[in-house]
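Chain and residue survey
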Amino acid sequence: LKFKSLCAKLPQLAAFKTLHSFNYEHQLFDETPSPQRASLHHTMLNHVHCRHPFEALKTFKKQLQSGISEIDEAAVAIALKACRGDPEIGTQFHGFAITSGFIDHVSVSNSLMNVYCKSGQFDRALCVFNRLESPDTVSYNTLLSGAQNGEDALSFACHLHSAGVLFDAVSF
């Protein structure tokens, strides 16, 4: 599986090789997840994309219960994507993210904000946002697009603008 993960990155490696970026090639190789993590991510993503979100959640739960420490922030973010806006499951994952420390990863917080926005709980999404140490563009755009009404979106956009946040093409 490590070979497959590496093969998936070969186009990136070739592009950067032409740019003489040898250090970046090593970085891509070093960032390739372990075979167990890659397999977990792949399996969960397949279930999510094939519209079998509960299978993705079962896979996550089975991996967690096995005691193998291959759960990482990517697996948690994928599991949150599988929640598809279900506030009950999202709330359970919120508790898991806090107790496990994954809440500190911006990708997990962004996915959690998306769950809350999809379920119409913009105030909860805003609470998650307010706890982020370093929100990114995805964080801003998740809340801007997830606001249930124009007033919330405009108020949040004004807050961001006054804080000096620069918007990107997606923000508009």
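Everything below is about the structure shown above.
Let me sum up the structure you'll find in this document. (Residues numbered from 1 in each chain as written. Predicted model: local features only at pLDDT ≥ 70, side-chain atom pairs only at ≥ 80, totals over all residues. Heavy atoms only, no water.)

1. Notes on the overall build of the chain
The helix and strand inventory of the chain stands at 11 helices and zero strands. Ordered by position from the N terminus, the helices and strands of the chain form the series α-α-α-α-α-α-α-α-α-α-α. The proportion of buried residues among the 172 residues of the chain is 38%. A separation threshold of at least 6 residues defines the contact pool for the chain, and within that pool the share at least 24 residues apart is 55%. (Helix = DSSP H or I, 4+ residues; strand = E, 2+ residues; numbered from the N terminus. Buried < 20%, exposed > 50% of the residue type's maximum accessible area, 1.4 Å probe, protein only. Contact = heavy atoms within 4.5 Å.)

2. Quick look at the environment of Gly 90
Mapped onto the elements, Gly 90 comes out in helix H7 (residues 87-100). The exposure class assigned to Gly 90 is buried, which follows from its relative accessible area of 0%. Gly 90 sits 21 residues away from Ser 111 along the chain, and the two C-alpha atoms are 9.5 Å apart. In this structure, Gly 90 is in contact with Cys 83, Leu 112, Val 115 and Tyr 116, ignoring residues within four places of it in sequence.

3. Some thoughts on the packing of helix H8 (residues 106-118) against helix H10 (residues 137-146)
Running from amino to carboxyl end, H8 crosses H10 at an angle of 0°, the nearest separation of the two axes being 10 Å. Considering their axes alone, H8 and H10 lie roughly parallel with respect to each other. From H8, Val 106, Asn 110, Met 113, Asn 114 and Cys 117 reach across to H10, where they touch Val 138, Ser 139, Thr 142, Leu 143 and Gly 146. Split into classes, the residues belonging to the contact of H8 with H10 amount to five nonpolar, five polar and no charged. (Axes fitted to C-alpha atoms, helices over the stretch in contact; angles between N-to-C directions. Parallel < 35°, antiparallel > 145°, perpendicular 65-115°, else oblique. Nonpolar A, V, L, I, M, F, W, Y, C, P; charged D, E, K, R; others polar.)

4. With respect to the nonpolar core
In this structure, Met 44, Phe 60, Val 76, Leu 80, Phe 93, Phe 129 and Leu 143 are the most contacted members of the largest nonpolar core, which totals 40 residues. For this core, the elements supplying multiple residues, two or more each, are helix H4 (35-49), helix H5 (53-65), helix H6 (73-83), H7, H8, helix H9 (122-131), H10 and helix H11 (150-162). Ranked by the residues each element gives to this core, the list is headed by H6, at seven residues. Once you skip the residues sitting within four places of it in the chain, Phe 93 turns out to touch Leu 57, Phe 60, Ala 79, Leu 80 and Cys 83. (Core = buried A, V, L, I, M, F, W, Y, C linked by side-chain atoms within 4.5 Å.)

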